[in-house]
Amino acid sequence: MTETGSTSTGVPVVAGHQASLDGIRAVAAFAVLIFHVAMEAGTALEPGFLGGVLSRGEIGVPIFFTLSGLLLYRPWAAEVLIGDRAPDTGRYLWKRFFRIIPAYWLVVAVALLLWGEAHRSDPWTWVQMLFLVHTYDTSPWWFGLGPKGLGQMWSLAVELTFYLTLPLMAAALRWFALRGGPDLRARARRLLIGLAVFGGLSYVYTIFEYFPEYRPWMNVWLPRSWTFFVPGMALAVLTVWARAADGPVRRLCAALAASWGTLWVIAGLAYLIAATPVTGPRFVGLGGIWTAFYEQGLYTLIAFCLVAPAALEPGGPTRLHAVLGGRLMSYLGRISYGVFLWQFVVIYLWYDFTGQEPWTGNLILNLAAVGALTVALAGLTYRYVEEPARRLIRFIPQSAGGAGPGSPKATALRQNA
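Predicted model only: the values in this text are computed from it and were never measured. (Residues numbered from 1 in each chain as written. Predicted model: local features only at pLDDT ≥ 70, side-chain atom pairs only at ≥ 80, totals over all residues. Heavy atoms only, no water.)

S.K.: Would you take a moment to explain the packing of helix α1 (residues 19-41) against helix α15 (residues 363-391) for this structure?
M.R.: When two helices pack together, their arrangement is given by the angle between the helix axes and the distance between those axes. Orientation of α1 relative to α15, taken along the N-to-C sense of each, is 135°, at an axis distance of 10 Å. Accordingly, the angle class assigned to the pair α1 and α15 is oblique. Both α1 and α15 take part in a crossing whose hand is right-handed. Between α1 and α15, the contacting residues are Phe30, Leu33, Ile34, Val37, Ala38 and Ala41 on the first element and Leu363, Asn366, Leu367, Val370, Gly371, Thr374 and Val375 on the second. A class-by-class count of the residues in the contact of α1 with α15 yields 10 nonpolar, 3 polar and no charged. (Axes fitted to C-alpha atoms, helices over the stretch in contact; angles between N-to-C directions. Helix = DSSP H or I, 4+ residues; strand = E, 2+ residues; numbered from the N terminus. Parallel < 35°, antiparallel > 145°, perpendicular 65-115°, else oblique. Left-handed = near helix turned anticlockwise from the far one by under 90°. Contact = heavy atoms within 4.5 Å. Nonpolar A, V, L, I, M, F, W, Y, C, P; charged D, E, K, R; others polar.)

See below:
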């Protein structure tokens, strides 16, 4: 099944903004929203096909991780493969700070003031939550993955850890790739081999999560999720490689982009398999080591198949762009971070307002109301918090050794993450 819809050269578009990736962000954000509303309504806990399908909406988190790997690692891949300058680490970290922290701090303040009770006056609780280190507390005062209204923030803690460690990962991959000499193909292959090792380490790490005894807190630490970041980082390597040299890799990228329908069917089938008991019970972190392996493998496949066509999309109008890059999907993608941040706050406020008890049904009504309110809050947060905060990066000086103009070929490879 191929959907070309374009007479483009097949070279992946990596310079500037890719609207199709915004569409993928929207899909991921609303998958997580539907999952959480369905869990609160109890529908996702019911036996049968519908409950199984709704219970795996958490797949949105691995999709976000894959997008982060793609967009953030690409400048380092360009440095290794085509001689671009490495990103300025300080400026990169400040950019990440302004991207995620201001809006996150707003939601933390709202949630702790609403439901923090006695702990809202505890400085350590504020430190844990504001700096996203709460997932390292193995005996917290809250039940579940975080304080009320903040249960989804474990995945943001994983993202933050990835941001902080990515320069070190990139340095290790660079060292290994440069051992291959000046040949572009040899370096690119070594990058992909190194990434495969990082992905494999996720599964080794999972073994130690369950043996010699089960340690559930390890489920929400970065190494378990390397398998989700690695496909995006590998796609970053492929996009740079395909832009730099014609040959089999460019044809591979063109084939993957053109076969977006086939890849999405594969993702859908993998999702249906993941919705069965093969991935364990319908709560994060419960189950055995084999269900954990199946979940990691299936979620990795789903994330890759969804993201790859958009990441490798060629220039010119395509059907994929028409599906993912339209005005509505682009807007929902831009505000997707706010959708992720606010959803639990909105869910609990909605249940308090309507007097509903958890697990009492009414999925469609609750989803419509929670979805509308969340989108409204996310839109306001994007306009008045996220965008003003991101513009502050212009006040951070760039060091002389940071990312510069690079080679002419590298200039076309820049992507605003």
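S.K.: Where do I start with the confidence of the model for the protein in this structure?
M.R.: For the protein, per-residue confidence averages 89 on the pLDDT scale, and residues scoring 70 or more make up 90% of the total. Scored below 50 in pLDDT, residues 1-7 shows 22 contacts in the model against residues more than four places distant or in partner chains. Note on residues 400-417: pLDDT is under 50 here. Beyond four places in sequence and across chains, it has 48 contacts. (pLDDT = per-residue confidence, 0-100.)

S.K.: Sorry, what's going on with the nonpolar core here?
M.R.: One finds Tyr73, Leu81 and Tyr104 to be the most contacted residues of the largest nonpolar core, which totals 120 residues. Aside from chain neighbours lying at most four places away, what touches leucine 81 is Leu184, Arg187, Ala188, Leu191, Val237, Val240 and Trp241. (Core = buried A, V, L, I, M, F, W, Y, C linked by side-chain atoms within 4.5 Å. Buried < 20%, exposed > 50% of the residue type's maximum accessible area, 1.4 Å probe, protein only.)

S.K.: Which parts of the structure should I look at to understand unusual backbone geometry?
M.R.: With an omega of 5°, the peptide bond between phenylalanine 211 and proline 212 qualifies as cis. Tracing the backbone through its elements, the reader meets proline 212 in the loop between α7 (184-210) and α8 (222-244). Backbone geometry places leucine 132, a non-glycine residue, at a positive phi of 55°. The topology assignment puts leucine 132 in the loop between α5 (123-130) and α6 (154-178).

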